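If you want the building blocks of each chain, they are given just below.
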Amino acid sequence: MSPRLPPASPWCPVSPGLPALLARLVLFPAWPELPRRLVQGRMVLPSRLSVRAASRFCALKDHSGDLQGNVSHGVAKPKECPAGYYCLPGTKAANQYPCPEGTYSNQTGLGNPRDCKPCPGGTFCASAGLSAPSGPCFPGYYCTSKARVPTPGRDGTGSLCPAGHYCPPGSSKAQPCPAGTVLPQSGMVFRNSCLPCPAGRFCQGEGLAAVSGTCYAGYFCDLGSTEPDHRHCPPGFYCPEGSEFPIPCSPGSFNSVSGKWQSTACQLCPAGHSCSGPGAHTPELCPAGYFCLPGTNFSTEHPCPKGTFGPRTGATRESDCEPCPAGMYCSAPGLSQPSGFCHSGYHCAKGAISPAPFKHRVESSSLALPGNDICPVGHFCPRGTEYPVPCPPGSFSPSVGLEAEEQCQPCPAGHYCSVPGLSELAQTSLCDPGYVCLEGNSAPCPSDGIHGYRCPRGFYCPMGTGLELPCEPGTFSPMPGAGACLPCPPGMACGSAATVEPLTCPRGHYCPRGTAAPVPCPEGTLNALEGALAPTACRLCPVGRYCRGEANWEPDGQCSAGYFCEGGATDAIPRGTPTFPLSGPCPAGHYCPEGTHLPIACPAGTLNDAMGGASPESCVPCHPGSFCATAGLSAPTGPCSEGFYCPANFSSASPTAFLCPKGHFCQSGTAHPTPCPDGEYQPATGSASCIPCQRGFYCQELVTGDPKRCPPHSYCPPGQEPCQTTTVVLRVVMVSVVSLPGTRVPLMCPEGTFTPENMTGLWNEKECLPCLPGHFCRHGRLQGKCAAGYFCLAGSAQPAPQGQPQSWRFLAGCRWGQLCAGLCPAGFYCLEGSEVPIPCPANTLRDLPGAVRREDCLPCPPGHWCKAGDSEAQPCPPGHYCSGGSGSDPVAPRECPPQTFRGQPGARSMADCQPCPPGYHCPLSGLTSFEDYPCPPGYWCPGKGDTFLCPAGTSRIQPGAKSLEECDPCSPGYYCPDPAQTGLPNTQGIPCKPGYECPAGSVSPKPCRAGLYCGALTGEPSVCPAGYHCPEGSSTYNSPEQLCVFPYYCPPGSAHPVPCEGGSMALPLPGLRGSLEKFCRLCAAGTYRSAPLITAPCQPCPAGFLCPPGSESYHQQPCPRGHYCPSLAPAPLPCPPGTHGSSHFGKHREDCQPCPAGTFNHLPAQAACFPCGSSSSSQPGRKR
């Protein structure tokens, strides 16, 4: 018996080649226990090599010898069932059992068809073996479950979307239209396919395919109503059954109760009230300025006419309006009070309608009222004047239209205006002589001081004067009220204008008749009395005195000492004239004290050899060595005798004045005794010569004596020869030379050396000390400081030494006897006592030697720079300027400032630094060229280094812009913001973002205009194409939200969807809704459509109204009288003959009333019947 397979052991059919394969397996030692039993053509395998269960399939290769490909560890390899399929036990192929249509499987390894998932709601599975649904259900359909097509029929898996519902793509069920909407069509896709419930109807509940019913009477149902009593009819309106909106009471009527449904509920507006516009519910009291007749429509319908006003409310007729009062005007109709006072400069009577005249005539509501005109000449009219007011006395007016009394012109000066209302200057009169008439005067002789006064003293006033005139110099006026001035009398002077009393002619002058200014006595004369009449009163100045200038009444003083004034002198130092030849300097041998009457002679023993002696001191003692024997001498009498001397400063009147003393000798003409020379002496008096000194003694000047030590400042060498002595006698230099065995006269130290006062006994010249630095030494003494402009280091004997040309910088090794001094060199200055030259400070220059002070160092010339001690200036380097000067200025040249450059040397001032040319900006100081600094991008540089940002809306990519015009307008599609706000230059524009437009020159992006769309970098927007709408800021036109859908249309350039106009209806046609002509249809005659009912079709015209083609409403078109209009009537139907229609709103044939008895109607469409003749009669409804 064959062994049974375990229940859990899967199995599969054995391949025909499997026994041979298993027979070969025994050859492998790795499988020693592999069973090799076959049961009825099948081999029984252990579990690890069993047939695979469901959810897998077995697929062996064709060649049984390929062991490695089909066997692993002794078993065949089954594969997992793929997604979209299921594998029953023993499945051979992956696609053997696909999931059926209407199902799918997104999992692998299914083993049963029940494991396939039904296609979910909103999707369809169109074929077998799907791993995912085929796609969403089509728009306008819904798919519940297991749908096999995207447009299921009535097979239980879905259906076409029913009426009253809409189905978007992928709907699992139909969505009901909300309450207040209706959708009669099936297969609709979107929510906006649900149409609002038509006005006058209501749609109660969801998912309606038709309206629920008609709106109740006393109520109205606007678009989308959900109840028959949706809105209560308000006061001022009535609402018949099926009303789309309340029907207003006609203008001039009202209804104060709500919920009415008949037109008879509207009442006529009472008098004194207005019922403004249609739909009035409460009469309003007629406002002030208006009157309201019965049935008044609006409050301002009947205004009070111009020239009147209505001060009270509730006026019922025009007579309630009052005429405008005098002095005021009512310029417009409907005034509650006058417009205002009549304008200044005009006068207005009662009923005026204008504040000022038109062509000199004010309009008036009544031609019988005179007096409306511009204010006449000679008058003024304040604001609100009824009658003109005359200008008061003292004034006049030649002009019309004066507004106030102040505008009346004052009577001109010199005139008087005595009566009111004067209109021209010819009507005024001249003021009387002797009076001054000021402006605004009304009397010929005014004296109040306000409008005029009497002519004052010192002045004269002719007839008609407005200002007193001063008496001219030489005349006077002693009394007030004068018409003319008097001439000044002789001996008196009237020197100023407006003289009241003449003045007595002063001393030193004379005054003939009519004198304005006294005439002065001429120079050299005087007049001591007042009141002189003629020039003979002037006398000559006395002797010894002088009279300088004109107008003298006494001498100016005594003549100066040293001069003699003979008479008529004009100055303290007189000059001779033909009349007075002795006047002038005092003669020689005399002296003239101040104011002398005669010259005084010099006494004996004195002389005066010059003119102009002023005092006894001018007479000097006789000349030294001479004598003066008489008075008045101008030269000595003769020389003094031998053995005697006549000293200086002694009045020698004799030739033997003084005896010559011992030790001296006196020759003829000696002024002072002469000491005996060295080596000589004289023991007696009165001698004319000296006796020679004996040898072997030290010789002194006056008398012999003991030898003395060699004195300071000198040296006494041994064996000195010769001995030289110099003597001056009577201005004659006498030199004697004597050879002595030893030194008789000490020798002075050499020039340029010195000794102190206490240094004596020197015998060699080199013992004399070199002169101190900064000083000069002469005659062995330290004489003083070196002169300014020179330097004295050593050996100088002069304050201004003239040394040999040499460099003073190498004088440190100066030797004894060498002159180390000289003129101060160029580039330096030497103060007094300078040891060495002082260099001129930096930035100064001295090109010549001998500078004596710091100020001699001149400023460095402009265009150069100078270092300390320079004698030559260096040219100022390029890129710099050197303005010269001294003091605290820096040594180095100054850099040319930013925004300038300098390419050549020698700039003298900052002005020589050249401005940066246009197109460059030169940002650094000290530049020698500008080419390396072009104007940066985003800027423009007009020159002189100025840089300006390219303004908003422009940019500059390249450097070197010279003018604002080179800043290019921002390119289309880009914008260039204001750099003053961003702080950044515009080197290139900022790209315009989608939804914005940037035309050329844009400063900022602007939202894309409505009706256009703007992609990125838009300069000129594109027009929104037909069938789409582009609101402001659109970046594209074809987004789902921009598609134009029913009930709208969108012509090219639409900013928003456009509804069809009232009187036409929207057509739900396929395609892009791009034109009015295609997607809107005019309502036919007998129908209408209100504009608010966007989605509604054209509605039937109700009975009693007329709706021509394209009607938006029926309310304003009632059926005309003599006709009747049934519902949907394209034209009014005439009432037949024998009838008439006396009212509007005829609905049926029965509304045509038969003609009453005694009347007839032979014509159709009549509003009334004709009366029968006197000899005729008729029955009701007769045609003839």
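Residues numbered from 1 in each chain as written. Predicted model: local features only at pLDDT ≥ 70, side-chain atom pairs only at ≥ 80, totals over all residues. Heavy atoms only, no water.

The next thing to look at is the overall build of the chain. Tallying secondary structure elements over the chain gives four helices and 106 strands in all. A burial count over the chain gives 37% of its 1184 residues as buried. Per element, the accessible surface of the chain, about 61,200 Å² overall, is 56% carbon and sulfur. (Helix = DSSP H or I, 4+ residues; strand = E, 2+ residues; numbered from the N terminus. Buried < 20%, exposed > 50% of the residue type's maximum accessible area, 1.4 Å probe, protein only. Areas by Shrake-Rupley, 256 points an atom, 1.4 Å probe, with all protein chains shown as cover.)

Turning our attention to the state of the cysteines. Tallying each qualifying case throughout the model produces 53 disulfides. The disulfide partner of Cys177 is Cys194, and the gap between their sulfur atoms is 2.0 Å. One quick way to see it: the torsion about the S-S bond of Cys177 and Cys194 is about -75 degrees, and its sign makes the bridge left-handed. Placement of Cys177 in the loop between β12 (175-176) and β13 (181-182) and of Cys194 in the loop between β13 and β14 (195-196) is noted, with a sequence separation of 17 residues between them. (Disulfide = S-S within 2.5 Å.)

Attention now goes to the side chain of His165. If you trace the backbone, His165 turns up in strand β11 (residues 165-166). With residues near it in sequence (within four places) discarded, His165 still touches Ala174, Gln175, Pro176, Cys177, Leu183, Met188 and Gly207. (Contact = heavy atoms within 4.5 Å.)

Once that is clear, we can look at the environment of Cys511. Here Cys511 shows up in the loop between β45 (509-510) and β46 (519-520). Accessibility expressed as a relative area gives 0% for Cys511, which makes it buried. When the C-alpha atoms of Cys511 and Pro489 are compared, they prove to be 8.8 Å apart, with 22 residues separating the residues in sequence.

Right, let's talk about unusual backbone geometry for a bit. Of the consecutive residues Phe1046 and Pro1047, the connecting peptide bond is found in the cis state with omega at 15 degrees. Among the structural elements, Pro1047 can be located in the loop between β94 (1022-1023) and β95 (1048-1049). Of note, His779 is a non-glycine position whose phi angle comes to about 55 degrees, a positive value. By secondary structure assignment, the location of His779 is in the loop between β71 (775-778) and β72 (781-785). For His779, a relative accessible area of 44% gives the class partly exposed. In this structure, Ala1165 is a non-glycine residue whose phi angle is positive, near 60 degrees. Here Ala1165 shows up in the loop between β105 (1159-1160) and β106 (1170-1171).

Locating Asn441 in the fold gives a position in the loop between β37 (435-437) and β38 (452-454). Beyond its immediate chain neighbours, meaning those up to four positions away, Asn441 contacts Gly394, Cys411, His415, Tyr416, Cys417, Pro446 and His451.

Across all of its chains, the model carries 11 aromatic pairs by this definition. Both rings, one in Tyr1028 and one in Tyr1037, keep their centres 5.1 Å apart while their planes meet at 80 degrees; by these two values the pair is edge-to-face. Classification of Tyr1028 as buried rests on a relative accessible area of 14%. Look at Tyr1037 and you get partly exposed, because its relative accessible area is 25%. (Phe/Tyr/Trp six-rings, centres within 6.5 Å; stacked < 30°, edge-to-face > 60°.)

Glancing now at the environment of Thr656. Residue placement: Thr656 occurs in the loop between β59 (644-645) and β60 (658-659). Judged by its relative accessible area of 39%, Thr656 falls in the partly exposed class. Remark: the alpha-carbon pair of Thr656 and Cys646, spanning 10 residues in sequence, is separated by 7.5 Å. Each residue touching Thr656, except ones within four places of it in the same chain, is listed here: Ser641 and Phe644.

The next point concerns the confidence of the model for the chain. Residues with a pLDDT of 70 or more make up 86% of the chain, whose mean pLDDT is 82. Every residue in residues 60-75 scores below 50 in pLDDT, and together they form 25 contacts with partners more than four places removed in sequence or on other chains. Segment residues 719-743: pLDDT under 50, and 43 contacts once partners within four positions in sequence are set aside and those in other chains are kept. (pLDDT = per-residue confidence, 0-100.)

Here Pro420 lies in the loop between β35 (415-416) and β36 (429-430). Taking the C-alpha atoms as reference points, Pro420 and Pro393, 27 residues apart in sequence, are found 4.6 Å from one another.

A surface patch of nonpolar side chains, about 220 Å² in accessible area, is lined by Leu1043, Val1045 and Leu1072. Within the secondary structure, Val1045 is located in the loop between β94 and β95. Judged by its relative accessible area of 32%, Val1045 falls in the partly exposed class. (Patch = residues over 30% accessible without salt bridge, like charges linked within 9 Å, V, L, I, M, F, W, Y side chains within 5 Å. Salt bridge = Lys/Arg side-chain N within 4 Å of Asp/Glu carboxyl O.)

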